[in-house]
Amino acid sequence: VGHCHPDIVKAAHEQNQLLNTNSRYLHDNLVDYAERLSKTLPEKLCIFYFLNSGSEANDLALRLARQYTNHEDVIVLDHAYHGHLTSLIDISPYKFRNLEGQKEWVHVAPVPDTYRGLYREDHEDSVTAYADEVKNIIVHAHEKGRKIAAFFVESLPSVGGQIIPPAGYFQKVAEHVHKAGGVFIADEIQVGFGRVGKHFWAFQLQGEDFIPDIVTMGKPIGNGHPLACVATTKEIAEAFAATGVEYFNTFGGNPVSCAIGLAVLDVIEKEHLQAHATEVGNFLMKILKEQQIKHPIIGDVRGCGLFIGVDLIKDQAE
């Protein structure tokens, strides 16, 4: 919503002047903010956990998935990055390949990249082909006696190269993952909150019939203030609570963070920032595509809203 947005600064300042005690934050801001966020999401994603960073959110999502499924293994996309905690380095090929390598409970699927990936635009059915790669991973994992807890994916892989997965890919993958007793986790930390323009959440680009089991949020959620969230279903939350080990976060969901979160949602709405992302994104894509015609080094220009990738290449044919 822009650096030092006056509405955000004002909301933070006003809340900062009030007493802030932690008795599990029995405060209207927490409830008001959860209600406002819930209006942006499909109805079944109705339980919210508030945290301080995207990494914390993804770590909690992992715990929720494992508790709910009683399984351990996680499928991720190649080149993915999900955060800096130890648990998340383990599911981030972008990181673990340079560190301790791949754990036996981690399985890496190819990025559904129709420009540079395994199955390209000329493939007869790249959606099914990429989804079948995930299906094959599940089959091989089961052969080894392993069980899948989650498919963990950025709704639009960012570190992996600003990839736009083909529509229908998530639905097919979710089908395989659910059949294996796992859950689908959509990481919206970089791509959520209207960045893609036409939708508030990037996973909605896949179609109205797709709903993840868990959604994680961070980065733009607080306009630079440390705030994050995990949204999930009642069933998953109840399985998590059934352990008797309650979830607790000293600063997660504090009134100042929630006041800022509410102000961010107000600004997005009031200043029509989704429409703005669409308009500016379309303009940028248009001028990049004009450059693409002039310069053979530009192989691909792709994107949605203000999530745009330019692929630089050496050889058009290869």
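Residues numbered from 1 in each chain as written. Predicted model: local features only at pLDDT ≥ 70, side-chain atom pairs only at ≥ 80, totals over all residues. Heavy atoms only, no water.

- Per an unreviewed UniProt entry, the protein chain is named AT2L2 lyase, and its organism is Drymodes brunneopygia.
- What the UniProt record of the protein chain gives under Sequence similarities (unreviewed entry) is the line "Belongs to the class-III pyridoxal-phosphate-dependent aminotransferase family." (UniProt positions renumbered as here; feature names shortened; annotations may be inferred.)

## Section: the pairing of strand β7 (residues 228-232)
Turning to step 1, where the next piece is worked out: Along β7, 5 of the 5 residues are buried, which leaves the element largely enclosed by surrounding structure.
Turning to step 2, where the next piece is worked out: Of the two faces of β7, the one carrying Ala228, Val230 and Thr232 and the one carrying Cys229 and Ala231 are both buried.
Turning to step 3, where the next piece is worked out: Here strand β1 (residues 47-51) pairs with β7 via 5 bridges, running antiparallel. Bridged to Leu51 within β7 is Ala228.
Turning to step 4, where the next piece is worked out: In this sheet, β7 lies alongside strand β6 (residues 214-217) in antiparallel orientation, the contact comprising 4 bridges. Paired with Val215 across the bridge in β7 is Ala231. (Buried < 20%, exposed > 50% of the residue type's maximum accessible area, 1.4 Å probe, protein only. Helix = DSSP H or I, 4+ residues; strand = E, 2+ residues; numbered from the N terminus. Pairing = 2+ DSSP bridges.)

## Quick word on the domain arrangement of the protein chain
Turning to step 1, where the next piece is worked out: Domain annotation of the protein chain identifies domain 1 (6-271) and domain 2 (276-312).
Turning to step 2, where the next piece is worked out: Placing the centre of domain 1 and that of domain 2 at their C-alpha centroids yields a distance of 26 Å.
Turning to step 3, where the next piece is worked out: Taking both partners together, domain 1 and domain 2 bury about 1,200 Å²; carbon and sulfur atoms supply 58% of that area.
Turning to step 4, where the next piece is worked out: Together, Tyr115, Gln162 and Arg195 form the three largest contributors to the area buried by domain 1 at its contact with domain 2, with a combined 45%.
Turning to step 5, where the next piece is worked out: Along the contact surface separating domain 1 from domain 2 lie 1 salt bridge.
Turning to step 6, where the next piece is worked out: Here Asp311 ties to Arg116 by a salt bridge, and the two come within 2.4 Å at their closest N and O atoms.
Turning to step 7, where the next piece is worked out: Joining domain 1 to domain 2, the criterion identifies 8 residue pairs in polar contact (both at pLDDT 80 or more).
Turning to step 8, where the next piece is worked out: When its residues are assigned to classes, the side of domain 1 that touches domain 2 shows 8 nonpolar, 5 polar and 3 charged. (Domains from an automatic or database assignment. Buried area = accessible area lost by both parts, 1.4 Å probe. Salt bridge = Lys/Arg side-chain N within 4 Å of Asp/Glu carboxyl O. Polar contact = N/O pair within 3.5 Å; in protein donor to acceptor, adjacent residues only side chain to side chain. Nonpolar A, V, L, I, M, F, W, Y, C, P; charged D, E, K, R; others polar.)

## Examining unusual backbone geometry
Negative phi is the rule for most residues except glycine; trans is the rule for most peptide bonds.
Turning to step 1, where the next piece is worked out: Although it is not a glycine, Cys4 adopts a positive phi angle of roughly 50°.
Turning to step 2, where the next piece is worked out: Along the chain, Cys4 turns up in the segment before α1 (6-16).
Turning to step 3, where the next piece is worked out: By relative accessible area, Cys4 is classed as exposed at 53%.
Turning to step 4, where the next piece is worked out: Positive phi, close to 50°, is recorded for Gln162, a residue that is not glycine.
Turning to step 5, where the next piece is worked out: Counting through the fold element by element, Gln162 comes out in the loop between β4 (148-154) and α7 (169-179).

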